[in-house]
Amino acid sequence: MSGQNKTTLKADFEKFDIAFADWKKKNPCKQFSDYSTQRIDSGLKKGRAHCTLGLNIAGDVNWWDHGRPAFKSIMEQVAIPTDAKVLEIGCGSARVGVHFIERQDTGCYYGLDVTDAFFAYCPDLIGELLIEKKAKFGVIPEKLEEAISWNADLVFSTAVTLHVCPEEEDAHFSTIKKIAHQQEASIVLQSYLYEKNIRFSRSGWARPQDYFSRLMHPFVLVNSMDDGVWESNGYVIDVKFLTFRRV
Ligand SMILES: C[S@@+](CC[C@H](N)C(=O)[O-])C[C@H]1O[C@@H](n2cnc3c(N)ncnc32)[C@H](O)[C@@H]1O
């Protein structure tokens, strides 16, 4: 990236962070994730298209097909039986989760998010299947204890770790590890990788693979699967599905 672009980007982040700091003064108990999800929510309510959330997904792909490749990649990592309990962190509007809802037995999907704003679209998006499969949704941290005692076999996230800012990463990864407390549980995270820790957009961070491994300790990285590259603001970021287990 050119020096000019770097300077422009830095100035944009600074402006964004000043607006967040002002908002935080009025909302001292809230986090960056609350700030950024509120902004997205207000865009969705105005009818804006989003890459992953809400009724109006950007691009030509049908909503049901949009999350299928990620679902298939996760299934390639973990050959779970249909009675395995699957918990999704940062489920959004269940774009990927719906395929687990469809595949798994009744009562085997639990979607968690920091806001209920996005899974509120699920009844419209998914319809009858949601009720038939008794899919469950909840907001963290309120539902954290319940989610832990749900005893998930698989915990996964897609398009979430990139949005977790450095100040919130310890809390985020510790939540994932607490939920995956069963000895045999697997964790699959769609992860944005770069040779060093970088912020590539207002709400986008990439980390080295061994940094993810440290955040996930004592879980151990057992597989890493390529999921293409993501180009943003001059950065070329490797996207991978990282699978962690206890050893
Ligand atoms: C880009 S959306 C992806 C939604 C969904 N996983 C998908 O792939 O369609 C990011 C989601 O992560 C959630 N999120 C952001 N920060 C989070 C955090 N710290 N913990 C859990 N979820 C978070 C957002 O509310 C949002 O639903």
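Residues numbered from 1 in each chain as written. Predicted model: local features only at pLDDT ≥ 70, side-chain atom pairs only at ≥ 80, totals over all residues.

Participant: Can you help me understand the pairing of strand β9 (residues 235-245) in this one?
Facilitator: One face of the sheet, then the other: side chains in a regular strand alternate in exactly this way. Looking at chain direction, strand β5 (residues 186-193) and β9 are connected through eight bridges and run antiparallel. The partner of Tyr192 across the bridge, within β9, is Val239. Inspection of the sheet shows strand β8 (residues 220-232) paired to β9 by ten bridges, in the antiparallel sense. Within β9, the residue paired with Ser224 across the bridge is Leu242. In textbook terms, the turn of a hairpin is the stretch between consecutive antiparallel strands, and for β8 and β9 this stretch comprises two residues, one of which, Asn233, has a positive phi near 50°. (Pairing = 2+ DSSP bridges. Helix = DSSP H or I, 4+ residues; strand = E, 2+ residues; numbered from the N terminus.)

Participant: What's the story with the site of the ligand in this structure? I'm lost.
Facilitator: Near the ligand there are 22 residues, and of these Ser33, Thr52, Gly90, Gly92 and Arg95 occur at the shortest range. Counting residues per element, the ones that place at least two in the shell around the ligand are α2 (32-45) and α9 (166-179). (Near = placed C-beta within 6 Å.)

Participant: Whenever I open this one, the sheet that holds β5 confuses me. Can you help?
Facilitator: For sheets, the rule is that strands pair by backbone hydrogen bonds, running either parallel or antiparallel. Read across the sheet, seven strands follow the order β3-β2-β1-β4-β5-β9-β8 without closing on themselves; strand pairing throughout is mixed. If you trace the sheet from one side to the other, it starts and ends with β3 (136-139) and β8, each paired once. Geometrically, the sheet is characterised by an average inter-axis angle of 20° between neighbouring strands, direction not taken into account. For strand β4 (residues 154-157) and β5, the ladder comprises four bridges, and the chain directions are parallel. Counterpart to Phe156 in the pairing with β5 is Val188. Contacts from helix α4 (residues 68-77) reach β4, β5, β8 and β9 within the one sheet, and its direction differs from that of β8 by about 160°. (Axes fitted to C-alpha atoms, helices over the stretch in contact; angles between N-to-C directions. Contact = placed C-beta atoms within 7 Å.)

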